[in-house]
Amino acid sequence: MTTTYPDPTLWLTIVVIGVLTFGIRVSFIALFGRLDEVPPRVDTLLRYVPAAVLAGLVFPKFVALGGGGPEIDKLLAGAAAVLVAWRTENVLATLGAGMGTLWVLRFLIL
């Protein structure tokens, strides 16, 4: 992918984003370094961050309507993964069910 921005602008953008990202991470380390203990409410909320981030990354792919509507193979694979995750609470089984369903639908059925 090409861009029309000059090289100094691109490098400045990369450096600024890097500094901001570093600053955000260091601020949390400094904040929790000053506290003797993480408050229980914050600890409870932090447990949901990975699932929320993963859902935020994955869910738009299932509901993206684009030009042709949602793809049925992805919806069925997602449903299979959700069902296995709900029943087993096993990450590897969930990944295997979702990817297995997607591969079967894509390469053998559809």
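Just so we're clear, the structure is a prediction, and the values are computed from it rather than from any experiment.

J.: Looking at this structure, how should I read the packing of helix α4 (residues 72-88) against helix α5 (residues 91-109)?
T.: The geometry of α4 relative to α5 is characterised by a closest axis approach of 8 Å and an angle of 155° between their N-to-C directions. The pairing of α4 with α5 is recorded here as roughly antiparallel in orientation. Both α4 and α5 take part in a crossing whose hand is right-handed. Only Ala93, Thr94, Ala97, Gly98, Thr101, Leu102, Leu105 and Arg106 of α5 make contact with α4, whose side of the interface consists of Asp73, Lys74, Leu76, Ala77, Ala80, Ala81, Val84, Ala85 and Thr88. Per-class residue counts for the contact of α4 with α5 are ten nonpolar, four polar and three charged.

J.: Help me understand the packing of aromatic side chains, please; the structure alone is not making it clear to me.
T.: Given two aromatic rings, their pairing is described by the distance between the two centres and the angle made by the two planes. For the structure on display, the rule yields zero aromatic pairs. We note arginine 87 situated over the ring of tryptophan 86; from NZ or CZ to the ring centre the distance is 5.8 Å.

J.: Teacher, can you tell me more about a nonpolar patch on the surface here?
T.: Taken together, the side chains of Val38, Val42, Leu46, Val49, Val53, Leu54, Leu57 and Val58 present a nonpolar region at the surface, about 650 Å² in accessible area. Counting only elements with at least two residues in the nonpolar patch, the list comes to α2 (40-46) and α3 (49-63). Among the elements that take part in the nonpolar patch, α3 stands out by supplying five residues, more than any other. For valine 58, the location among the structural elements is in helix α3.

J.: Help me out: how do you make sense of the layout of surface pockets in this one?
T.: Empty space left among the atoms is revealed by rolling a probe the size of a water molecule over them. What the largest pocket holds in volume is close to 830 Å³. The wall of the largest pocket is formed by 22 residues, among which Leu54, Val58, Phe62, Ala81 and Thr94 lie closest to the centre. Looking at the lining of the largest pocket, the elements that each hand over two or more residues are α3, α4 and α5.

J.: Sorry if this is basic, but what is going on with the side chain of threonine 94 here?
T.: Looking at where threonine 94 falls in the secondary structure, it is placed in helix α5. By relative accessible area, which is 17% here, threonine 94 ends up buried.

J.: What is the right way to look at the environment of glycine 33 in this model?
T.: Here glycine 33 shows up in helix α1 (residues 7-34). Judged by its relative accessible area of 60%, glycine 33 is exposed. C-alpha separation for the pair glycine 33 and glycine 23, spaced ten residues apart in sequence, amounts to 15 Å.

Conventions we followed
Residues numbered from 1 in each chain as written. Predicted model: local features only at pLDDT ≥ 70, side-chain atom pairs only at ≥ 80, totals over all residues. Heavy atoms only, no water. Axes fitted to C-alpha atoms, helices over the stretch in contact; angles between N-to-C directions. Helix = DSSP H or I, 4+ residues; strand = E, 2+ residues; numbered from the N terminus. Parallel < 35°, antiparallel > 145°, perpendicular 65-115°, else oblique. Left-handed = near helix turned anticlockwise from the far one by under 90°. Contact = heavy atoms within 4.5 Å. Nonpolar A, V, L, I, M, F, W, Y, C, P; charged D, E, K, R; others polar. Phe/Tyr/Trp six-rings, centres within 6.5 Å; stacked < 30°, edge-to-face > 60°. Lys NZ or Arg CZ within 6 Å of the ring centre and 35° of its normal. Patch = residues over 30% accessible without salt bridge, like charges linked within 9 Å, V, L, I, M, F, W, Y side chains within 5 Å. Areas by Shrake-Rupley, 256 points an atom, 1.4 Å probe, with all protein chains shown as cover. Salt bridge = Lys/Arg side-chain N within 4 Å of Asp/Glu carboxyl O. 1 Å grid on protein atoms, 1.4 Å probe; cavity = no way out; pocket = protein on both sides within 12 Å on 5 of 7 lines; lining within 4 Å. Points joined across faces, edges and corners; volume = space filled by probe spheres on them. Buried < 20%, exposed > 50% of the residue type's maximum accessible area, 1.4 Å probe, protein only.

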